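Per-entry structural report
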Amino acid sequence: ATSANNDAQGAEVRGVLEFEGDCLYLSVADLGERYPVVWPAETEWNAADQRVVLPAGQELALGDAVVGSGGYVYATGIARILGADAAEFAQRCVDNTYGEIAVVNNHASAIAAV
């Protein structure tokens, strides 16, 4: 999913990129949790190479540790930001104790590999 929201959030979004089924996650080992991700607008998934292509062209590979700015939102919050279809998809991918989705701030440099 990509974000249509320009409201910046102040939390740190971090983890290791994981892909399972049709869901892309940020896995946070020290919490034992993983979060589906809402990426900045114009982010693309390169299925052939299994890479996230950010709006400015940087690529993130599965297994990369990433950190960025954003926050964590419940599926109902995703519905308000992106609509019911995006919320339904995100909810299918939720795989953490908190029922939350990682939302990266909607600007090209909001997340990068560390």
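Everything below is about the structure printed above this text.
In short, a report on the structure. (Residues numbered from 1 in each chain as written. Predicted model: local features only at pLDDT ≥ 70, side-chain atom pairs only at ≥ 80, totals over all residues. Heavy atoms only, no water.)

The subject of this paragraph is the pairing of strand β7 (residues 65–74). Taken together, the six bridges between strand β1 (residues 11–20) and β7 define a ladder with antiparallel strand orientation. Bridging across to β7, Ala11 finds its partner in Gly70. With three bridges connecting them, β7 and strand β9 (residues 111–113) associate as antiparallel partners. Across the sheet, residue Gly68 finds its bridge partner in β9, namely Ile111. One ladder, built from five bridges, connects β7 with strand β8 (residues 100–104); its direction is antiparallel. (Pairing = 2+ DSSP bridges. Helix = DSSP H or I, 4+ residues; strand = E, 2+ residues; numbered from the N terminus.)

Before going further, it helps to spend a moment on unusual backbone geometry. A positive phi angle, near 75°, is found at Glu42, a position not held by glycine. Turning to its location among the elements, Glu42 is positioned in the loop between β3 (33–38) and β4 (44–46). Glu42 sits in the exposed class, given a relative accessible area of 65%. (Buried < 20%, exposed > 50% of the residue type's maximum accessible area, 1.4 Å probe, protein only.)

Time to look at the state of the cysteines. Summed over the entire model, instances satisfying the criterion amount to one disulfide. Residue Cys23 pairs covalently with Cys93 via a disulfide, S to S 2.0 Å. On the S-S bond that ties Cys23 to Cys93, the torsion sits near -75°, and the link is left-handed. Placement of the pair is Cys23 in strand β2 (residues 23–28) and Cys93 in helix α2 (residues 84–93), with a sequence separation of 70 residues. (Disulfide = S-S within 2.5 Å.)

Our next topic: the pattern of salt bridges. Working definition: two side chains of opposite charge can pair if their charged atoms are close together. One pass over the full model with this rule turns up seven salt bridges. Between Arg34 and Glu18 there is a salt bridge; the shortest N-O distance is 2.8 Å. With a gap of 16 residues between them, Arg34 in strand β3 and Glu18 in strand β1 connect regions that are remote in the sequence. Exposure remark for Glu18: the relative accessible area of 28% places this residue in the partly exposed category. A salt bridge links Glu88 to Arg92; the nearest nitrogen and oxygen atoms lie 4.0 Å apart. One end of the pair is Glu88 and the other is Arg92, both in helix α2 and four residues apart, which spans about a single turn. (Salt bridge = Lys/Arg side-chain N within 4 Å of Asp/Glu carboxyl O.)

Note: strands within a sheet are paired through backbone hydrogen bonds, in either parallel or antiparallel orientation. Sheet architecture is open: three strands sit in the order β4-β5-β6, paired in antiparallel fashion. In this open sheet, the two strands that pair with only one neighbour each are β4 and β6 (59–61). Within this sheet the neighbouring strands show an average axis-to-axis angle of 25°, counted without direction. With three bridges connecting them, β4 and strand β5 (residues 51–53) associate as antiparallel partners. Paired with Trp45 across the bridge in β5 is Val52. (Axes fitted to C-alpha atoms, helices over the stretch in contact; angles between N-to-C directions.)

So, about the nonpolar core. Counting 16 residues, the largest nonpolar core has Leu17, Leu26, Trp39, Val52 and Leu60 as its most contacted members. For this core, the secondary structure elements donating two or more residues are β1, β2, β3 and β8. Take this core: its biggest share by element is three residues, from β2. Excluding residues that lie within four positions of it along the chain, Leu26 makes contacts with Val13, Arg14, Gly15, Val16, Leu17, Glu33, Arg34, Tyr35, Val37, Val66 and Ala102. (Core = buried A, V, L, I, M, F, W, Y, C linked by side-chain atoms within 4.5 Å. Contact = heavy atoms within 4.5 Å.)

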